[in-house]
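Working through the structure, step by step
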There are 2 protein chains.
Amino acid sequence: MGRDTFHCLRLLQAPSSLALDTSGLTPLLPSPHRIKAAGLKLQLCTNETQATRENFVKKLRALGFDISVAEVTAPAPAACRLLKERGLRPHLLVHDDLIPEFAEVDKTNPNCVVLGDAAENFTYANLNEAFRLLIGMEKPILISLGKGRYYKETDGLKLDVGAYMKALEYACDVQAEVVGKPAKRFFESALAELGVPPEQAIMIGDDIVSDVGGAQQCGMRALQVRTGKYRPSDENHPEVKPDAYVNNLAEAVDIILRHL
Amino acid sequence: MGRDTFHCLRLLQAPSSLALDTSGLTPLLPSPHRIKAAGLKLQLCTNETQATRENFVKKLRALGFDISVAEVTAPAPAACRLLKERGLRPHLLVHDDLIPEFAEVDKTNPNCVVLGDAAENFTYANLNEAFRLLIGMEKPILISLGKGRYYKETDGLKLDVGAYMKALEYACDVQAEVVGKPAKRFFESALAELGVPPEQAIMIGDDIVSDVGGAQQCGMRALQVRTGKYRPSDENHPEVKPDAYVNNLAEAVDIILRHL
């Protein structure tokens, strides 16, 4: 998830990058437009699962960002592709506002469970229902739209989808298939949407594991912005090392445009 | 948990054992009385955390079992001892009916979270509240009254405390301290309550890991009854091997009494 911070993948011949942070927005607003005006492509990779891409983009545009639906890669459409490929019919435990993304998917007689950040829908009854469906399957299939631990909202920290995923994994002795960052196939589908090979793209994000680690695993270079989820201790992460650091998105765009 | 099946620990000079199963009760009802009439001690080890011991015993007595409160070892009193020893003040996320067990415990300004099978209290809001308290602690302390995956009630399977424990462990990057079976200290406190060394006691239960494995880890012998949670595949368990099998509780008591 991460309603406070979202991350962009910008793809073209020259590597560059983009991250957006809704705190201290004003200096960042021109960034997507500046990127695109320079002839570069931009793709926003979000783990947002509390809204359809349409509503997500509407919110961004209302804030002043020049972003279109086609420029967004999100877990729900990636999950729909996966369901279709494998003939899976999901039981959905997701946020009400995400349900329209699954409109085209056959949901009768479910043979898997799709878990998103369901927020208020994470009731005792709904969790038991998802659990019973899984445990009743010969080989339970749990698809999780991310594996975040928690996120911050205006009224405080909230448990993210990853925590509920762990609960169901343990109860059913099953390993979830994660769609969304940092899954390799999520970044691959973002690259595919733009038709750009990984070595010509750069990811920028604030999350050392989900953004930087996930993109690098795909063969992309990745920058970490020192805003949002960034913590100084990230610079000593035992496994992931970004290709570079930038102080914020505006600085990242400046650097990118200078190197064109 | 396990409201369908509960297990007894019987302690005295001669090893023996006891397990109770509320399905097919009638032949089992005389068992506790027969054990005690033979001059043996009996201790019931339960992971029940949806009722105080008083109410748990009331339910058993209403069914016809000769059991007293002092003959019950349960996670909540074990947790209370642990809290007192370490000067911990809990935030409780437990079943309403269990709260009286914590009446004597200081709960102001919590410095740990105690998690039980809270059932309907496992709301989104309550889980977020417990999470926020934990993540706000310098060194989060999570005490879980068991680690069961699920249990069966008349209206179907329900997620047990272990699933919610995993959710909070993952979100807070912490390992819970489990009070209750199969924790070694839980069996130790049952033995201490009776003043009997482990080599003079036998555990009987239907759960290969929680009952048999936990008791053996303590130096006790353990029998598995082929009722309740027992599955034929348990007999090939990679780690735990009971000292013997019995078909049911009544048979166990027959054998015990014959060997006095």
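Our subject in this report is the structure included herewith. Fair warning: this is a prediction, and the values are worked out from it, not measured in the lab.

**What about the packing of aromatic side chains?**
Taken as a whole and judged by the stated rule, the model has 6 aromatic pairs over all chains. Taking 5.2 Å as the distance between ring centres and 45 degrees as the angle between the ring planes, the aromatic pair formed by Y150 of chain A and F131 of chain B counts as tilted. Residue Y150 of chain A is found in strand β8 (residues 150-153), and its partner F131 of chain B is found in helix α4 (residues 124-135); the two belong to separate chains. On the basis of relative accessible area, Y150 of chain A is assigned to the partly exposed category, the value being 29%. Judged by centre distance (6.2 Å) and plane angle (80 degrees), the rings of F186 of chain B and F187 of chain B are edge-to-face. Each member of the pair, F186 of chain B as well as F187 of chain B, is classed as buried.

**Considering the interface of chain B and chain A**
Every contact between the two is made by 29 residues of chain B and, on the other side, 29 residues of chain A. Summing both partners gives a buried area of about 2,600 Å² for chain B against chain A, and 65% of it is carried by carbon and sulfur. Considering only the surface of chain B that becomes buried against chain A, Y124, L159 and Y170 of chain B emerge as the three largest contributors, covering 31% of it. Put simply, chain B and chain A have 10 residue pairs in polar contact (both at pLDDT 80 or more) between them. Looking at the side of chain B that touches chain A, the elements with two or more residues in it are α4, β8 (150-153), β9 (156-159) and α5 (161-172) of chain B. In terms of residues, the side of chain B that touches chain A owes the most to one element, α5 of chain B, which gives 9 residues.

**A short note on the side chain of Q224 of chain B**
Residues and elements named next belong to chain B. If you trace the backbone, Q224 turns up in strand β12 (residues 221-225). Residue classification places Q224 among the buried positions, given a relative accessible area of 0%. A polar contact is formed between the side chain of Q224 and the backbone oxygen of D206, at a distance of 3.1 Å. At 2.9 Å, the side chain of Q224 forms a polar contact with the side chain of D234. Those residues in contact with Q224 that lie beyond four places of it in its chain are G205, D206, D207, I208, V212, Y230, D234, P242, A244, Y245 and V246.

**Examining the pairing of strand β5 (residues 90-93) of chain A**
Residue and element names in this part refer to chain A. Where burial is concerned, the two faces of β5 agree: the one with P90 and L92 and the one with H91 and L93 are both buried. Pairing geometry for β5 and strand β6 (residues 112-115), over 4 bridges, is parallel. Bridging across to β6, L93 finds its partner in L115.

**So, the relation of the copies chain B and chain A**
Aligned on chain A, chain B shows an RMSD of 0.1 Å; the corresponding rotation is 179 degrees and the shift along the axis is 0.1 Å. Look at the turn and shift together and you get a two-fold axis relating the two. A high fraction, 100%, of the interface residues of chain B reappear at the interface in chain A, so the copies pair face to face through one surface.

**Here we look at empty space enclosed by the protein**
What the rule picks out here adds up to 1 cavity of 30 Å³ or more. Considering the residues around the largest cavity, the lining is formed by T46, E48, A51, T52, R53, F56, V72, A74 and E101 of chain A.

**Quick notes on the sheet that holds strand β10 (residues 177-178) of chain A**
All names here are of chain A. In space, the 4 strands of this open sheet follow the order β5-β6-β7-β10, with parallel pairing throughout. In this open sheet, the two edge strands, each paired with only one partner strand, are β5 and β10. Where β6 lies against strand β7 (residues 142-144), 3 bridges are found, and the strand directions are parallel. In the strand pairing of β7, V113 is matched with L142. Across the sheet, helix α5 (residues 161-172) lies against β6, β7 and β10, angled at about 165 degrees from β7, the strand it touches most.

**Remarks on the sheet that holds strand β7 (residues 142-144) of chain B**
Strands belonging to one sheet form pairs held by backbone hydrogen bonds; the direction of such a pair is parallel or antiparallel. All names here are of chain B. Across the sheet, 4 strands lie side by side as β5-β6-β7-β10; this open sheet has parallel pairing. Two strands lie at the open edges of the sheet, namely β5 (90-93) and β10 (177-178), each paired on one side alone. Across the face of the sheet, α5 comes into contact with β6 (112-115), β7 and β10 while running at roughly 165 degrees to β7.

**Observations regarding the pattern of salt bridges**
All names here are of chain A. Summed over the entire model, instances satisfying the criterion amount to 22 salt bridges over all chains. Across the salt bridge formed by R81 and E193, the nearest N and O atoms sit 3.7 Å from each other. You can see R81 sitting in helix α3 (residues 75-85) and its partner E193 sitting in helix α6 (residues 184-194), a full 112 residues away along the chain. Overall, the relative accessible area of 37% leaves R81 in the partly exposed class. When its relative accessible area of 39% is taken as the criterion, E193 is described as partly exposed. Taken together, the shared-partner salt bridges in this structure form one network comprising K36, D66 and E71.

Rules of the game
- Residues numbered from 1 in each chain as written.
- Chains lettered and ligands numbered in written order.
- Predicted model: local features only at pLDDT ≥ 70, side-chain atom pairs only at ≥ 80, totals over all residues.
- Heavy atoms only, no water.
- Phe/Tyr/Trp six-rings, centres within 6.5 Å; stacked < 30°, edge-to-face > 60°.
- Helix = DSSP H or I, 4+ residues; strand = E, 2+ residues; numbered from the N terminus.
- Buried < 20%, exposed > 50% of the residue type's maximum accessible area, 1.4 Å probe, protein only.
- Contact = heavy atoms within 4.5 Å.
- Buried area = accessible area lost by both parts, 1.4 Å probe.
- Polar contact = N/O pair within 3.5 Å; in protein donor to acceptor, adjacent residues only side chain to side chain.
- Pairing = 2+ DSSP bridges.
- Least-squares fit on C-alpha atoms with pLDDT ≥ 70 in both.
- 1 Å grid on protein atoms, 1.4 Å probe; cavity = no way out; pocket = protein on both sides within 12 Å on 5 of 7 lines; lining within 4 Å.
- Points joined across faces, edges and corners; volume = space filled by probe spheres on them.
- Axes fitted to C-alpha atoms, helices over the stretch in contact; angles between N-to-C directions.
- Salt bridge = Lys/Arg side-chain N within 4 Å of Asp/Glu carboxyl O.

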